[in-house]
Amino acid sequence: MIAPQDAFSSSYASARVRFLEGAAAAGMAISSHNHPLPGRDGETLAMDVALDGSPDAERLLVVSSACHGAEGYCGSGVQVFATHDAQWREHARSAGVAVLYIHALNPHGFSWVRRVTQENVDLNRNFQDFSQPLPQNPAYAELHGLLLPPHWPPTPDNAAAIGAYIEAHGLARYQAAVSQGQHAFADGLFFGGTAPTWSNQTLRAVLRRHGRAARHLAWIDLHTGLGECGLGERIFACANDAAALQRARAWWDGGGKTPVTSIYDGSSTSALLTGLMWCAAYEECPQAEYTGIALEYGTVPITELIDALRGDHWLHLHPEAPPELQAAIKARMRAAFYVDTDEWKAQIVVQARQALFQAVDGLATA
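Note that this is a predicted model, so its numbers are computed, not measured.

About the thresholds
Residues numbered from 1 in each chain as written. Predicted model: local features only at pLDDT ≥ 70, side-chain atom pairs only at ≥ 80, totals over all residues. Heavy atoms only, no water. Helix = DSSP H or I, 4+ residues; strand = E, 2+ residues; numbered from the N terminus. Rg over C-alpha atoms; globule rule 2.2 N^0.38 Å. Areas by Shrake-Rupley, 256 points an atom, 1.4 Å probe, with all protein chains shown as cover. Lys, Arg positive; Asp, Glu negative; His and termini not counted. Charge placed at Lys NZ, Arg CZ, Asp CG, Glu CD. Core = buried A, V, L, I, M, F, W, Y, C linked by side-chain atoms within 4.5 Å. Buried < 20%, exposed > 50% of the residue type's maximum accessible area, 1.4 Å probe, protein only. Contact = heavy atoms within 4.5 Å. Pairing = 2+ DSSP bridges. Right-handed = clockwise from strand over helix to strand, strands pointing away. Salt bridge = Lys/Arg side-chain N within 4 Å of Asp/Glu carboxyl O. Phe/Tyr/Trp six-rings, centres within 6.5 Å; stacked < 30°, edge-to-face > 60°. Lys NZ or Arg CZ within 6 Å of the ring centre and 35° of its normal. Axes fitted to C-alpha atoms, helices over the stretch in contact; angles between N-to-C directions. Parallel < 35°, antiparallel > 145°, perpendicular 65-115°, else oblique. Left-handed = near helix turned anticlockwise from the far one by under 90°. Nonpolar A, V, L, I, M, F, W, Y, C, P; charged D, E, K, R; others polar.

Topic: the overall build of the chain
Step number 1: Tallying secondary structure elements over the chain gives 13 helices and eight strands in all.
Step number 2: Relative to its length of 366 residues, the chain is compact, with a C-alpha radius of gyration of 20 Å against a globular reference of 21 Å.
Step number 3: Only carbon and sulfur atoms are counted for the fraction: they give 55% of the accessible area of the chain, which is about 14100 Å².
Step number 4: Separation of charge centres in the chain, based on 25 positive and 37 negative side chains, amounts to 5 Å.

Written out as structure tokens, the structure reads:
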């Protein structure tokens with residue numbers, strides 16, 4: 001086992017090396033799906049996959065990182081730590097559970113310190129049936145012009161207008177309007193896209209390849225940004241199904257000490273969202289009973305998080321911005337999704353490790 005802080009990296013490139021080295025040293029079966037574009041520093045980008053266990057296992061746990069690229073600093077650290085954790089690996093093996101690590105679902109966003117893919121798409125809003133009419137978000141349309149003003153930092157008038165919206169409608173509605181997902185503004189925040197992204201298509205291929213033998217499939221998707229700093233909220237990540245929710249709570253709520261929240265009943269820090277990634281589990285592995293959570297670690301207050309995202313989107317639209325402003329925007333973006341302290345990293349690993357053991361124990365009794 002390594003120290004928690006030694007599992008985390010300061011860039012996508014170093015995170016990838018750490019993950020691949022850890023998986024190789026553990027004897028895992030590794031496959032890589034190269035991205036069509038280079039990274040920020042010219043490095044190769046890839047969705048890397050490591051299987052720890054039998055490819056024919058009937059019980060499979062998926063552990064994924066960097067659905068939202070900049071959140072990969074945290075998720076990768078959890079995965080790297082797990083590859084070095086002999087006690088954890090033996091626990092899964094003795095329970096007959098294979099573990100599939102998917103490192104950097106969105107490697108482009110991870111490398112470029114963006115939340116979105118190269119298509120400016122929020123991957124966790126992109127799992128739609130694009131042959132059907134897409135969800136509408138008229139509340140976002142009201143805010144789009146304010147969220148991405150002509151100049152950055154925003155003027156006092158812009159800040160006042162955002163403040164007035166929050167005062168009139170409440171912070172929860174502001175968060176929901178911005179983050180629910182939208183398909184009308186390709187340059188906007190939380191854009192769900194108009195077609196499946198590379199990451200969407202590649203993830204589906206991975207699930208088909210590795211998940212079709214499973215009778216019971218669990219998934220822990222690692223995220224950051226919402227909630228109390230350092231606290232890992234277990235957010236129910238399945239269809240709005242009472243049996244699945246009961247199962248998730250039986251596995252992960254720790255007798256009430258680590259409650260499983262839900263976007264369906266309003267108990268989660270997350271708003272009700274559209275086009276969620278876990279839909280692929282049902283579609284690509286229809287033979288499996290699926291149970292999943294998003295493990296969401298808090299970083300900064302929600303208004304700070306949204307403002308960091310606004311700045312990053314503004315910068316994407318204004319690459320001519322002065323270098324000093326570019327650096328400040330990127331530093332703020334990184335800090336919004338990754339708290340670079342040993343204390344925070346230790347909190348992340350302890351809670352993730354608990355959730356991993358809980359998932360295996362749940363699968364073993366399924």
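Here the narrative resumes.
Side note on the nonpolar core
Step number 1: One finds Leu61, Trp88, Ile102, Leu203, Trp219, Ile220 and Trp252 to be the most contacted residues of the largest nonpolar core, which totals 111 residues.
Step number 2: Not counting residues up to four positions away in its chain, the partners in contact with tryptophan 252 are Trp219, Ile220, Arg234, Thr258, Val260, Thr291, Gly292, Ile293, Ala355, Gln358 and Ala359.
Step number 3: With six residues, the next largest nonpolar core counts Trp314, Leu315, Ala321 and Ile329 among its residues.

Description of the pairing of strand S6 (residues 232–236)
Step number 1: Of all five residues in S6, five are buried, a share of seventy percent or more.
Step number 2: In S6, alternate side chains face the same way, and those of Gly232, Arg234 and Phe236 on one face and Glu233 and Ile235 on the other are all buried.
Step number 3: Of the pairings in the sheet, the one linking S6 to strand S8 (residues 289–298) comprises five bridges and is antiparallel in character. Paired with glycine 232 across the bridge in S8 is tyrosine 297.
Step number 4: Read from S6 through helix H9 (residues 242–252) to strand S7 (residues 260–261), the crossover connection turns out right-handed.

Remarks on the pattern of salt bridges
Step number 1: Considering all chains together, one arrives at 19 salt bridges under this definition.
Step number 2: Taking the shortest distance from any N to any O, the salt bridge between arginine 204 and glutamate 284 comes out at 2.8 Å. Linking arginine 204 in helix H8 (residues 198–211) with glutamate 284 in helix H10 (residues 279–284), this pair joins segments that are 80 residues apart in sequence.
Step number 3: The exposure class of glutamate 284 is buried, given its relative accessible area of 9%.
Step number 4: Each of Arg204, Arg208, Arg212, Glu283 and Glu284 takes part in salt bridges that share partners, so that together they form one network.

Focus on the packing of aromatic side chains
Step number 1: Counted under the stated rule, the structure contains 13 aromatic pairs.
Step number 2: Joined through ring pairs, the aromatic side chains of Phe8, Tyr12, Tyr73, Phe110, Tyr338 and Trp344 make up one cluster.
Step number 3: Between arginine 334 and the ring centre of tyrosine 73, over which it is positioned, the NZ or CZ distance is 4.7 Å.

Examining unusual backbone geometry
Step number 1: A cis amide bond, omega 0°, links tryptophan 152 with the succeeding residue proline 153.
Step number 2: Along the chain, the position of proline 153 falls in the loop between helix H5 (138–147) and helix H6 (156–169).
Step number 3: Phi is positive for valine 113, close to 55°, though the residue is something other than glycine.
Step number 4: Among the structural elements, valine 113 can be located in the loop between helix H4 (107–112) and H5.
Step number 5: Taking relative accessible area as the criterion, valine 113 reaches 3% and is therefore assigned buried.
Step number 6: Of note, the phi angle at phenylalanine 190 is positive, near 55°, even though the residue is not glycine.
Step number 7: Mapped onto the fold, phenylalanine 190 is located in the loop between helix H7 (171–179) and H8.
Step number 8: The exposure class of phenylalanine 190 is buried, given its relative accessible area of 8%.

Digging into the packing of H5 against H6
Step number 1: Their axes nearest at 10 Å, the elements H5 and H6 cross at an angle of 155°. When the axis of H5 is compared with that of H6, the two are roughly antiparallel. Handedness of the H5/H6 crossing: left-handed. Only Asn158, Ala161, Ile162 and Tyr165 of H6 make contact with H5, whose side of the interface consists of Ala139, Glu142, Leu143, Leu146 and Leu147.
Step number 2: Taken together, the residues that form the contact of H5 with H6 break down as seven nonpolar, one polar and one charged.

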